[in-house]
Amino acid sequence: MRPRSAIYLASAALALAALTLAGSLPSDAADKIDPVADAKAFRKFFTDKFPKVKLEDFVNGPYSMNEDLYRQWQEKEQFPPYEFSLEMGKEMFSKPFKNGKTYADCFPNGGIGVRQNYPYFDEKEGKVITLELALNRCREANGEAPYSYVRDEMAALTAYMAFTSRGKPMDIKIPNDSRALAAYENGKEYFYTRRGQLNFSCATCHVQSPGERIRAEILAPALGILNAMPIYRSEWSGMGTTSRRFTTCNSQIRGVPFSPQDDEYRNVEYYLSYVSNGLPISGPGARP
Amino acid sequence: MASSIRVRATSSGETTEVQALIQHPMDSGFVKDAKGEIIPAHFIQQLTFEYDGKNVFTADWGGGVSKDPYVKFAFKGGKKGDELKISWVDNKGATDTTTAKIQ
Amino acid sequence: MTDVGFSATRRLILQGAGAVALVGLGNLPFLAPALAAANDKYPEEAFKAKSEADAIKALYGKTAEPSDKVKMDAPEIAENGAVVPISVTTTLADVTSISFLVSENPVVLVASYKIPAGTLPNVANRIKMAKTSNVIVVVEAGGKLYSANKEVKVTVGGCGG
């Protein structure tokens, strides 16, 4: 073939390929997104990597990765430092809004023992709803100002709700809706995408290096990583939300954090929670 | 509970194990705030436990004890339903006291 | 007060005098006005000591000898210097006091516990460590002092660092 024809042919082929890829419609993607297979592979990766760790213990993060840390944690769990935040959360949860209604009015089963169902995909709205988001929407629907997603009040409320679900298996559902699948896939993509000056993805630390140290900290495995939320961190000397952890983590890898409850965060929470289905809720948790 | 003191006291028949967790900043006086100013020392100095009118344990603390301090000890005696009295005083002269039932 | 008699009254008066004296000094930041009885006194001087030796001397007036009968449970590497769980247990008899010191802390004495008769010689607590340091436990038993120590590594300092 003469070079020029070859070039034309090549560019035509390239253009066609580009069009095909660009034209990858949700209907095509739906065939490829397989959360069930993902969750199975995700779980297998970690149980293969840590054969001595019991499945349910993955939710304890670094404590399941290091004996010395485990013992310190066990000692503190006898009477945990987060006791006061938990108590505050219970009080806050039961206290009526100015209009007389309570949080119980916004949640199934009065908000008791339901944490393991969050986040869920809201088919009316077409988006992922997290527990923190649901709590603030409840407040706003009842004439109250929303809480900051990264401060004590939200942490205390989610601590209480998590506590009422302790031991229950994470139970995230993905409805047969292409938007739900897209949100799930978006979260998965976020999880594996490198970002920030340090060019780390979530997976860099929590899939590639769990149990190893990053500076002086032992890294938690991604399996079950949200089951302990919210967490009382010794570093924060207080209870912090999932939003707080996501935003500070982004800052730590020298990236610009999203705003709490932005789509990316909601979707990664959806993905991470789903692939940890079956593992017990252990929140509120403790971390270094 | 309005008290800062949380207690878990359990009797095993011969001995009673007591765990106390107290809500208190326990500021050592060595830490600076975001503005670079020293956060003044503010910590519990003495914590006492009384059973049946007698002292069964005293903790003398400095600012080196962790925030929301915890202590565990055990004494001979004590029966389910009996009361334990716990009191503290801090370096600012503030006090708190509570009674807890042995479980 | 269940005692009757002159000696009891005298003791009461002395305690009362002590309380008045302390109240008079109540504007000093480190004095707790509520502490009146001499044998329950808060060991203020010991909490000012800059060295283990000085702290132990201020607390007990004697020196300690290492003893393997004092068993300390402390981590190898503290998860966080702000909350380090340390506990001690001992088989020594007639224990009257147990103290915890951290050699590299700005105030070396962290805690001192009075153990009346009938209370077991075991204590668990959570302490702050500014940096990697020797943690020393001192037990007063039968009028003598015994100690144990362990180096605990600290990567994240407990004093706000």
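Above: the structure in question.
Residues numbered from 1 in each chain as written. Chains lettered and ligands numbered in written order. Predicted model: local features only at pLDDT ≥ 70, side-chain atom pairs only at ≥ 80, totals over all residues.

J.: Could you clarify how one ought to interpret the overall build of chain C in this entry?
T.: In terms of helices and strands, chain C carries two helices and nine strands. Partitioning the intrachain contacts of chain C with sequence separation of at least 6 by distance along the chain shows that 59% fall at a separation of at least 24. (Helix = DSSP H or I, 4+ residues; strand = E, 2+ residues; numbered from the N terminus. Contact = placed C-beta atoms within 7 Å.)

J.: Help me out: how do you make sense of the interface of chain B and chain A in this one?
T.: Think of interface size as the accessible area that goes away when the parts come together; that is how it is often given. Contact with chain B, which involves eight residues of that partner, is made by six residues of chain A. Looking at the side of chain B that touches chain A residue by residue, the class counts come to two nonpolar, two polar and four charged. (Nonpolar A, V, L, I, M, F, W, Y, C, P; charged D, E, K, R; others polar.)

J.: How do you make sense of the interface of chain C and chain B when you look at a structure like this?
T.: Contact residues are listed per partner, giving 36 residues for chain C and 33 residues for chain B. For the side of chain C that touches chain B, the secondary structure elements donating two or more residues are strand S6 (109-114) and strand S7 (122-127) of chain C. Residues of the side of chain C that touches chain B, tallied by class, amount to 24 nonpolar, eight polar and four charged. Here strand S4 (residues 54-61) of chain B runs beside S6(C); their pairing, made up of four bridges, is antiparallel. Note that in S6(C) the partner of B:Trp61 across the bridge is C:Ala111. (Pairing = 2+ DSSP bridges.)

J.: For this particular structure, what's the right way to read the packing of helix H5 (residues 83-94) of chain A against helix H7 (residues 152-163) of chain A?
T.: Two numbers describe a pair of packed helices, the interaxial angle and the distance between the axes. Residue and element names in this part refer to chain A. Where H5 contacts H7, the two axes come as close as 7 Å, and the packing angle between them is 90°. It follows from the interaxial angle that H5 and H7 lie roughly perpendicular. Within the contact between the two elements, H5 uses Ser-85, Leu-86, Met-88, Gly-89, Lys-90, Met-92 and Phe-93 and H7 uses Glu-153, Ala-155, Ala-156, Leu-157, Ala-159, Tyr-160 and Phe-163. When its residues are assigned to classes, the contact of H5 with H7 shows ten nonpolar, two polar and two charged. (Axes fitted to C-alpha atoms, helices over the stretch in contact; angles between N-to-C directions. Parallel < 35°, antiparallel > 145°, perpendicular 65-115°, else oblique.)

J.: Would you take a moment to explain the nonpolar core for this structure?
T.: Burial of nonpolar side chains together is a common tendency in soluble globular proteins. C:Ile127 and C:Val137 are the most contacted members of the largest nonpolar core, which totals 68 residues. The biggest single contributor to this core is strand S8 (residues 133-141) of chain C, with six residues. With 63 residues, the next largest nonpolar core counts A:Trp73, A:Cys138, A:Tyr232 and A:Ile281 among its residues. (Core = buried A, V, L, I, M, F, W, Y, C linked by C-beta atoms within 7 Å. Buried ≥ 20, exposed ≤ 12 C-beta atoms within 10 Å, placed from the backbone.)

J.: Help me out: how do you make sense of helix H10 (residues 242-252) of chain A in this one?
T.: A turn of α-helix holds 3.6 residues, and therefore any two residues three or four places apart point the same way. Those residues of H10(A) lying buried are A:Thr242, A:Ser243, A:Arg244, A:Arg245, A:Phe246 and A:Thr247. Looking one or two residues beyond H10(A), the residue adopting positive phi is A:Arg254, at roughly 60°.

J.: Looking at this structure, how should I read the sheet that holds strand S2 (residues 15-22) of chain B?
T.: Sheets are built from strands that pair by backbone hydrogen bonding, the pairs being arranged parallel or antiparallel. With respect to topology, six strands assemble into an open sheet ordered S1(B)-S2(B)-S5(B)-S7(C)-S4(C)-S2(C), the strand pairing being antiparallel. A single partner strand is all that each edge strand has here, and the edge strands are strand S1 (5-11) of chain B together with strand S2 (70-73) of chain C. Between one strand axis and the next, the sheet turns through 15° on average, direction left out of account.

J.: Please explain unusual backbone geometry as it appears in this structure.
T.: Generally, phi is negative for residues other than glycine and the peptide bonds are trans, each holding for most cases. The omega torsion of the bond from A:Tyr118 to A:Pro119 falls at 5°, within 30 degrees of zero and hence cis. On the secondary structure map, A:Pro119 appears in the loop between H5 and strand S1 (120-122). Even without a glycine there, the phi angle at A:Gln261 is positive, about 70°. Mapped onto the secondary structure, A:Gln261 falls in the loop between H10 and helix H11 (263-274). Despite not being glycine, C:Asp94 shows a phi value in the positive range, around 55°. Mapping C:Asp94 onto the fold places it in the loop between strand S4 (84-90) and strand S5 (95-102).

Interpretation in functional terms is not warranted from these geometric data alone.
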